[in-house]
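# Report on the structure
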Amino acid sequence: MTIVESLAQETPVGGPSLPQERRLVTAIPGPKSQELSARKAQAVSAGVGVTLPVYIVAAGGGVLVDVDGNSLIDLGSGIAVTGIGNSAPEVVAAVAAQLAQFTHTCFTVAPYDSYIAVAETLNRLTPGDHPKRSALFNSGAEAVENAVKIARHYTGKQAVVAFDHAYHGRTTLTMGLTAKNQPYKNGFGPFAAEIYRAPMSYPYRDGGLDGVAAATRAISQIEKQIGADNLAALIIEPIQGEGGFIVPAPGFLPTLVAWCRANGVVFIADEVQTGFARTGDMFASEHEGIVPDIMVMAKGIAGGLPLSAVTGRAEIMDAPQVGGIGGTYGGNPLACAAALATMESYEKDDLARRARDIGVIMTGRLNALRAVDKRVGDVRGRGAMIAIELVDPVTGDPDAALTGRIVSAAHAQGVILLTCGTYGNVIRFLPPLSIPDALLVEGLQVLASALAAA
Ligand code: PLZ
C-alpha cells in the first residue's frame, strides 16, 4: 500500500466536524494501538517516550480519534499547541494553498512575503509599542537558543540566569537552562557554560513570600553570585509550564523587569507554552503589564505546524552580523501560511476571551474538588492553562504516585491528561480552545471520579 492509499483508508477526516464525543469501543489502548506500540519498540528509539499509547488517525474540536475507533477527550492540545483546534479549517485551507505554490526555498536563500507578514504580525501583537524585529525558527528550544545568542551579541556579556523549576528545551544550551534532571538532562551533560539559576516565586511552596520579596531575593543572589556586569540576559516563563504551572506572586515579574532595565540585562520572556491566547491574554506577560525586551514563542503560533519565533526590541534584534542568525527551515512557507491563518483566528474570534471562559469552568470545578478533598493542595493557572497540585493531606508533601494513578485512570476512561511539575505531582489542563463546553465538563467529571477512586 502506498502512503497516499493508507492515509485515504484512515477515515474519518479531522477538524471540527468530527463528532464531539467521548466514545470507547475497546480497552485503552486497543488492539491496533498495541500492535503499533510493538512496532514502535522495534523501530523507534526507546528514549522517545509516550504519555498515552493510543495511535491517532484524526483529531479536531476537542477530540482525538484513535486507530481502534475510540474518541478521546483532549485536555492537552499536544502540549498547548492546537489552541485553535486540530486541522482548523482556516489552517487547512491556508496550508493547502501554499502547498500547491511552493513548499520550500529557504528564506535566507530566496525569500517570500509570508515570513515578513508573520514578523509584522508578531511585532504588532507582542507587548510594547517600541520598534521591533522578529526572526523565525522551528522549535521552542531553537528559538530560546537564538534569543540567548542575540542577547549576548547585543550586550557583549555572557552569563544567563534561569529560574528554579524552569523548562526551556532539550538542546545543549536549553538543557542547561532547564532545571529538572529527570528525564530531560540525566546522562546528557556536560551542559553549556555561564548559565546560573535563581530562586523562583512559588506561592504555594515558598511560605507565601510576596512577589517583590521573592524578586528581591533572586536579584540579591544574582548580584552576589554573578554581577550585572557579566549578565547578558535573564530568561523566565511568565507562568512556568513543565515546572508545574507555577504562577509567580504579583510583583515578581515587574520587579525583575525593572531591575533588568536598570542594569543593562536583556529580559527574555519564554512564552512558548503561555503564548497565543492560552492564558486569557494574547501573551501572559500582558497580565501584569510587563514589556519583555525579547519574547520567545512557539507551540500555539501555527495551529500545529512547526514554527517558533523570537521578537524583540529592534536595536537588540538587529545587533548580530548579517548572516549570524538563520537555519534551513526556519519560517518554512507552509508553517508561515498556517501561522498567518492561526493568528488571524486568535484575533478575529477573540480566542483569549474563550480561554478566560474555559478558565472559569475549570477553576470552578477544580476548586469545588479542592474544597472537599485535601489531597488537592492547590488549584492555579490562568485562562485555559490550569493545574492542580496533589499532596499528602497531612504533610503537604508532593504525591506523585497519586498523580500517576489518577492520570492512568483518566486515560483508561478516554480523557487525555498531562502531568508536570518538578515533583511530578501536578496535573495540568490545556484543552484546545475549540473544545465544546460539554466535553470539557465531561473530562473534568472523569477526573473527579478518578480522584475519588484513587
Ligand atoms: N520553553 C516554556 O514549554 C516545550 C516539552 C515537551 P520545543 N515544552 C514541552 C517535551 O517533553 O519535550 C517548551 C516550553 C517552554 C521551551 C520549550 C521547548 O519547546 O518546541 O519542545 O523545543
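Before reading on, note that the structure itself is shown above.
So, here is what we can say about the structure in this document. (Residues numbered from 1 in each chain as written. Predicted model: local features only at pLDDT ≥ 70, side-chain atom pairs only at ≥ 80, totals over all residues. Heavy atoms only, no water.)

A word on the pattern of salt bridges. Considering all chains together, one arrives at 13 salt bridges under this definition. Linking Glu 347 and Arg 124 is a salt bridge whose minimum nitrogen-to-oxygen distance equals 2.8 Å. Within this pair, whereas Glu 347 is found in helix α11 (residues 333–348), its partner Arg 124 is found in helix α5 (residues 113–125), the two being separated by 223 residues in sequence. Residues Asp 349 and Lys 348 are paired through a salt bridge, measuring 3.4 Å at the closest nitrogen-oxygen approach. Residue Lys 348 is classed as exposed on the basis of its relative accessible area, which comes to 57%. Among the charged side chains, a network of salt bridges with common partners joins Arg 205, Asp 378, Arg 380 and Glu 389. (Salt bridge = Lys/Arg side-chain N within 4 Å of Asp/Glu carboxyl O. Helix = DSSP H or I, 4+ residues; strand = E, 2+ residues; numbered from the N terminus. Buried < 20%, exposed > 50% of the residue type's maximum accessible area, 1.4 Å probe, protein only.)

Counting 92 residues, the largest nonpolar core has Ile 268, Leu 366 and Phe 429 as its most contacted members. If you count residues domain by domain, this core takes at least three from each of domain 1 (3–75 + 350–453) and domain 2 (91–348). Excluding anything up to four places from it in sequence, Phe 429 contacts Leu 75, Phe 245, Met 362, Leu 366, Ala 384, Met 385, Ile 386, Ala 387, Ile 388, Leu 417, Leu 444 and Leu 447. (Core = buried A, V, L, I, M, F, W, Y, C linked by side-chain atoms within 4.5 Å. Domains from an automatic or database assignment. Contact = heavy atoms within 4.5 Å.)

Going through the model one piece at a time under the given rule, you end up with seven aromatic pairs. Measuring from centroid to centroid gives 5.6 Å for Phe 102 and Tyr 112, while their planes differ by 65°, and the two rings are edge-to-face. Pair noted here: Phe 102 is in the loop between α4 (89–101) and α5 and Tyr 112 is in the loop between α4 and α5, with a separation of ten residues, a long-range link. Under the relative-accessibility criterion, Phe 102 is labelled partly exposed at 31%. Between the aromatic rings of Phe 107 and Tyr 112, the centroid separation amounts to 5.5 Å while the plane-to-plane angle is 80°, which identifies the pairing as edge-to-face. Here Tyr 112 falls in the buried class, since its relative accessible area comes to 9%. An aromatic cluster is present here, built from Phe 102, Phe 107, Tyr 112 and Tyr 115 joined pairwise through their rings. Stacked on the ring of Phe 191, the Lys or Arg Lys 185 has its end atom at 5.1 Å from the ring centre. (Phe/Tyr/Trp six-rings, centres within 6.5 Å; stacked < 30°, edge-to-face > 60°. Lys NZ or Arg CZ within 6 Å of the ring centre and 35° of its normal.)

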